[in-house]
Amino acid sequence: MVLWVRPREGQTGSPLGFGDDRTWSVGEHWTPSLDGQPPTVPKETAMTTFNVTSGVTSSGITLNYADSLFVFPAGTAISTTVNSGGTEIVYYGGTASGTTVNSGGAETVFGGSASGTTVNSGGIEFVSPGGIASGTVLSSGGIEFVSPGGIASGTVLSSGGSLIILPGGTQSGTTLSG
């Protein structure tokens, strides 16, 4: 098990007690070392978690490998881009609009609502119980998966896209394109 430590911006000293006295900036990460030296970890392997809480609106966030965005009740996420290995989760009472899910990315609507999501080839949108997805555009190779208790309305299904409705899931107003 590796413990990832993300120092706070402006923090001085070492988060792991290595005695390195300097000021940290956003994007720097540490992990334990066997030789006692403070190693650096390439930024592309680091994880970032965004929490969009009550009354907060995020806009234009890009999620890459191991990044997560959680939209909590009364939180709103606008124009999020979810790339390979990234995930956006919209909980009960949360709202997401204009999300773009690219290959290897995922959006899970877990009781919240998502509108105007575009799912490109290799991307997936899960609509879990209590979740509502409206106006989703499924490009060729994009997938929308509606589980029991989930609702998909106004989905635009392009040739090669997949809309999967499990028993107990609901869909309405789906249109075919191409």
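Scroll up a little and you will see the structure.
Quantities reported herein were computed from a predicted structural model and do not represent experimental measurements. (Residues numbered from 1 in each chain as written. Predicted model: local features only at pLDDT ≥ 70, side-chain atom pairs only at ≥ 80, totals over all residues. Heavy atoms only, no water.)

**Q** I'd like a rundown of the overall build of the chain, residues and numbers included.
**A** Secondary structure assignment for the chain yields zero helices and 21 strands. Taken over 178 residues, the chain has a buried fraction of 36%. A separation of at least 24 residues holds for 6% of the contacts in the chain among residues at least 6 apart in sequence. Counting every atom, the chain has about 8600 Å² of accessible surface; 57% of that belongs to carbon and sulfur. (Helix = DSSP H or I, 4+ residues; strand = E, 2+ residues; numbered from the N terminus. Buried < 20%, exposed > 50% of the residue type's maximum accessible area, 1.4 Å probe, protein only. Contact = heavy atoms within 4.5 Å. Areas by Shrake-Rupley, 256 points an atom, 1.4 Å probe, with all protein chains shown as cover.)

**Q** An account of the nonpolar core is requested, with residue identities and associated values reported.
**A** Among the nonpolar cores identified, the biggest contains nine residues, and these are Val-52, Ile-61, Leu-63, Leu-69, Val-71, Ala-77, Val-82, Val-90 and Ala-96. Leave out the neighbours within four places in its chain, and Val-71 touches Val-52, Thr-76, Ala-77, Ile-89, Val-90, Tyr-91, Gly-94 and Thr-95. (Core = buried A, V, L, I, M, F, W, Y, C linked by side-chain atoms within 4.5 Å.)

**Q** Which residues make up the pairing of strand β13 (residues 124-127), and what values do they have?
**A** Direction of pairing for strand β10 (residues 106-110) relative to β13: parallel, over a ladder of four bridges. Following the sheet pairing, Ala-106 is matched in β13 by Ile-124. With four bridges connecting them, β13 and strand β16 (residues 143-146) associate as parallel partners. Bridge pairing links Glu-125 to Glu-144 in β16. (Pairing = 2+ DSSP bridges.)

**Q** Lay out the packing of aromatic side chains with the relevant residues and their values.
**A** Enumeration according to the criterion identifies six aromatic pairs in this entry. The interplanar angle of 25° and the centroid separation of 6.3 Å between the aromatic rings of Phe-70 and Phe-72 together place this pair among those described as stacked. Judged by relative accessible area, Phe-70 falls into the buried class, the value being 18%. Ring geometry for Phe-70 and Tyr-91: centres 6.2 Å apart, planes at 10°, overall stacked. You can see Phe-70 sitting in strand β4 (residues 68-71) and its partner Tyr-91 sitting in strand β7 (residues 87-91), a full 21 residues away along the chain. (Phe/Tyr/Trp six-rings, centres within 6.5 Å; stacked < 30°, edge-to-face > 60°.)

**Q** Requested: an account of the sheet that holds β16, with residues and values cited.
**A** Within the open sheet, the seven strands sit side by side as β1-β4-β7-β10-β13-β16-β19. Their pairing is parallel. With partners counted over all chains shown, the strands left at the sheet margins are β1 (49-52) and β19 (162-165), one partner each. Neighbouring strand axes in the sheet, compared pairwise and without regard to direction, differ in orientation by 10° on average. One ladder, built from four bridges, connects β1 with β4; its direction is parallel. Across the sheet, residue Thr-49 finds its bridge partner in β4, namely Ser-68. (Axes fitted to C-alpha atoms, helices over the stretch in contact; angles between N-to-C directions.)

**Q** For unusual backbone geometry, give the residues involved together with the corresponding values.
**A** Positive phi values are uncommon outside glycine, yet Ala-74 reaches one of about 70°. With respect to the helices and strands, Ala-74 occurs in the loop between β4 and β5 (76-78). Of note, Ser-79 is a non-glycine position whose phi angle comes to about 55°, a positive value. With respect to the helices and strands, the residue Ser-79 is situated in the loop between β5 and β6 (81-82).

By themselves, these are just geometric observations and shouldn't be taken as functional.
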